[in-house]
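A closer look at the structure
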Amino acid sequence: RFATEGVGFLLDQGCPLVIVACNTASALALRRLQREWLPRNFPNARVLGVIRPLAEFVADTSRGGLIGVVGTASTVASGAYRREIAGRNARLTVFQQACPLLVPLIEEGSRRRPETMQLLRGYCQPLQAAGVDTLVLGCTHYPMLRLAFAQVMGESCCIPDPAAVVADKLADYLARHPEREARLARGHAHRFLVTERSDRFAALASAWLGLPVALEEVTLTHRR
């Protein structure tokens, strides 16, 4: 329901293309959005996720064939990364690790606290023991801790930047679909929409993105 409300609002604003930039929503809601909800409500729009682009990238670039995935409990339980990676290269081995406490710590601005690093080491220990050569940050929050993950996992483990991978894959998608690329607006404008205003969130978002963030509060409605 949250996914359809958020995507529906953006499509109502005239967006011809929406990226569901949440791994849990991509894992649990994207297929239903694409196959059932979208054709019924917005047949000319497209909704893309973030799991397949990253899964394809690590499947193509893994040096040793041992891939680790960290994510929320729901994303890990869904097996979405394991399925997508296997679909790209069935010879690869995927190790998953749920990290349920990282999101609240990041949202509280506790990225640099000693307890966060201690927690990170505990989550990464099984992946280190498995000898993974590539680590997927399977939650949109986790890139805030990418340097910490790299410090824990060591130089031998490649940790791709999910945002850069998704952006590159989007550019490739638009190059293959020029009719959709032509519908996109130009001008590099940004709007930050939230369902509840919070000065703390605005401050954190500004720090994360490195630019001023002015929040617009909106009300979402559910479209079945």
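The structure under discussion appears in the preceding block.
Every value quoted in this text rests on a predicted model; they were computed, and no experiment measured them.

As a further point, take the nonpolar core. V70, L102, L120, L135, Y142, F149 and M153 are the most contacted members of the largest nonpolar core, which totals 22 residues. When residues of this core are traced back to their parent elements, those giving at least two are α7 (102-107), α8 (114-130), β5 (134-138) and α9 (146-153). In terms of residue count, α8 provides more of this core than any other element does, five residues in total. Look past the residues within four positions of M153 in its chain and what remains in contact with it is C124, L127, Q128, V132, L135 and I159. Membership of the second largest hydrophobic core comes to 15 residues, among which are L54, A55, Y81 and L92.

With that settled, consider α9. Three or more residues of α9 are buried, namely A148, F149, V152 and M153. In a view along the axis of α9, the buried residues occupy a sector of 125°, so they form one face of it. Within α9, the exposed residues directed more than 90 degrees away from the buried face are L147 and Q151. Where the residues of α9 are buried, they touch β3 (66-71), α7, α8 and β5.

A few words now on the environment of R1. Mapped onto the elements, R1 comes out in the segment before α1 (2-12). Its relative accessible area of 65% is what places R1 among the exposed residues. Sequence separation of R1 and P178 is 177 residues, and the distance between their C-alpha atoms is 31 Å.

With respect to topology, three strands assemble into an open sheet ordered β4-β3-β5, the strand pairing being parallel. Two strands bound the open sheet, and with one partner strand each, they are β4 (93-98) and β5. In this sheet, neighbouring strand axes are inclined to one another by 20° on average, regardless of whether the strands run parallel or antiparallel. The pairing of β3 with β5 spans five bridges and is classified as parallel. Residue I67 lies in a different strand from β5, and its bridge partner there is T134.

A word on the state of the cysteines. Throughout the structure, instances matching the rule amount to zero disulfides. C139 carries a free sulfur, and the closest cysteine sulfur to it, the one in C22, is 6.9 Å from it.

A few words now on the packing of aromatic side chains. Within this structure, the stated rule accounts for three aromatic pairs. Here the aromatic rings of F201 and W208 are separated by 6.4 Å at their centres, their planes lie at 80°, and the arrangement is edge-to-face.

The next point concerns the packing of helix α4 (residues 51-61) against helix α10 (residues 162-176). Interaxial distance between α4 and α10 falls to 9 Å at its minimum, and their mutual angle equals 100°. With respect to α10, the axis of α4 lies roughly perpendicular. Residues P53, L54, E56 and F57 of α4 form the contact with α10, whose participating residues are P162, V165, V166 and K169. Partitioned by chemical class, the residues of the contact of α4 with α10 number six nonpolar, no polar and two charged.

A few words now on the environment of L127. Relative to the elements of secondary structure, L127 occurs in helix α8. According to the relative accessible area criterion, L127 is buried, its value standing at 2%. In the structure, L127 is positioned 88 residues away from L215 in sequence and 38 Å away in space, judged by C-alpha atoms. Other than its neighbours up to four places away in sequence, L127 contacts G68, V70, F95, Q97, V132, L135 and M153.

For the rest of this paragraph, the subject is the pattern of salt bridges. Applying the stated criterion across every chain, the model contains ten salt bridges. Between E84 and R52 there is a salt bridge; the shortest N-O distance is 3.2 Å. One end of the pair, E84, is in helix α6 (residues 80-88); the other, R52, is in helix α4, with 32 residues separating them in the sequence. When the shortest N-O distance is used, the salt bridge between R191 and E216 registers 2.9 Å. Residue R191 is found in the loop between α11 (178-181) and β6 (192-194), and its partner E216 is found in strand β7 (residues 215-217); the two are separated by 25 residues along the sequence.

Cut-offs applied
- Residues numbered from 1 in each chain as written.
- Predicted model: local features only at pLDDT ≥ 70, side-chain atom pairs only at ≥ 80, totals over all residues.
- Heavy atoms only, no water.
- Core = buried A, V, L, I, M, F, W, Y, C linked by side-chain atoms within 4.5 Å.
- Buried < 20%, exposed > 50% of the residue type's maximum accessible area, 1.4 Å probe, protein only.
- Helix = DSSP H or I, 4+ residues; strand = E, 2+ residues; numbered from the N terminus.
- Contact = heavy atoms within 4.5 Å.
- Arc of directions from axis to C-beta.
- Pairing = 2+ DSSP bridges.
- Axes fitted to C-alpha atoms, helices over the stretch in contact; angles between N-to-C directions.
- Disulfide = S-S within 2.5 Å.
- Phe/Tyr/Trp six-rings, centres within 6.5 Å; stacked < 30°, edge-to-face > 60°.
- Parallel < 35°, antiparallel > 145°, perpendicular 65-115°, else oblique.
- Nonpolar A, V, L, I, M, F, W, Y, C, P; charged D, E, K, R; others polar.
- Salt bridge = Lys/Arg side-chain N within 4 Å of Asp/Glu carboxyl O.

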